[in-house]
Amino acid sequence: MPRIQIELPVNFAFSTEIPLYLSHMNYAGHLDNAALLSVVSEARARFFQSLGYSELDVEGLGIVIADAALQYKSEAFHGEVMIVLMTTSDFSSKGCDLLWCMREKVSQREVARGKTGIVFFDYAARKVAAVPDHFRARAECFPIAPR
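Since the structure is predicted, the reported quantities are computational estimates derived from the model, not experimental observations.

*Asks:* Lay out the overall build of the chain with the relevant residues and their values.
*Replies:* The helix and strand tally for the chain stands at two helices and six strands. Scanning the chain from its N terminus toward the C terminus, one meets helices and strands in the order β-α-β-β-β-β-β-α. A globule of 147 residues ought to have a C-alpha radius of gyration of about 15 Å, and the chain, at 16 Å, matches this closely. Oriented by its inertia axes, the alpha-carbon framework of the chain measures out at about 45 × 35 × 35 Å. Per-residue burial over the chain gives 44% buried out of 147 residues. Once local pairs closer than 6 in sequence are excluded, the contacts in the chain between residues at least 24 apart make up 69%. When the accessible surface of the chain is split by element, carbon and sulfur atoms take 54% of a total near 7,900 Å².

*Asks:* For the packing of aromatic side chains, give the residues involved together with the corresponding values.
*Replies:* One pass over the full model with this rule turns up seven aromatic pairs. Aromatic side chains Phe91 and Phe135 sit 6.3 Å apart centroid to centroid with 55 degrees between the ring planes, which places their arrangement in the tilted category. Within this pair, whereas Phe91 is found in the loop between strand 3 (81–89) and strand 4 (95–104), its partner Phe135 is found in helix 2 (residues 133–139), the two being separated by 44 residues in sequence. When sorted by exposure, Phe91 lands in the same class as Phe135, which is buried. Here the aromatic cluster, defined as three or more aromatic residues joined through ring pairs, consists of Phe14, Phe47, Phe48, Tyr53, Phe91, Phe120 and Phe135.

Reading guide: rules and limits
- Residues numbered from 1 in each chain as written.
- Predicted model: local features only at pLDDT ≥ 70, side-chain atom pairs only at ≥ 80, totals over all residues.
- Heavy atoms only, no water.
- Helix = DSSP H or I, 4+ residues; strand = E, 2+ residues; numbered from the N terminus.
- Rg over C-alpha atoms; globule rule 2.2 N^0.38 Å.
- Buried < 20%, exposed > 50% of the residue type's maximum accessible area, 1.4 Å probe, protein only.
- Contact = heavy atoms within 4.5 Å.
- Areas by Shrake-Rupley, 256 points an atom, 1.4 Å probe, with all protein chains shown as cover.
- Phe/Tyr/Trp six-rings, centres within 6.5 Å; stacked < 30°, edge-to-face > 60°.

Everything listed here is a matter of geometry and, on its own, says nothing about what the molecule does.
Here it is, written out as structure tokens:
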């Protein structure tokens, strides 16, 4: 079975630091796969906050996760601080991808990378909605050049 390959941009719009806690570790003593997604979820919430939104209120709409893919690059351990980089890409009429990369702060070793597909959702109407123009304009204002 072919492995997932995720290409990352050279530049990211957003960066945040997240320390790894004991609760993020699995029985083998390294970052648990479910906890990795939890760390990325925290970074995503911070990304939206940096744009003045929450995941439940982006110009009156919420977001839902449509899909996610990730690649592990190395182990991560309790006490390490992760730098999570994030940016938008591949906008469609209803959503976009969030590309992310996680690195250990001191060594800069890449721990994981991925992409999360989001769609905008009108919770009052219980249906998918169009990408808010103002969000798109703000989120696309960071030019990225593929590697």
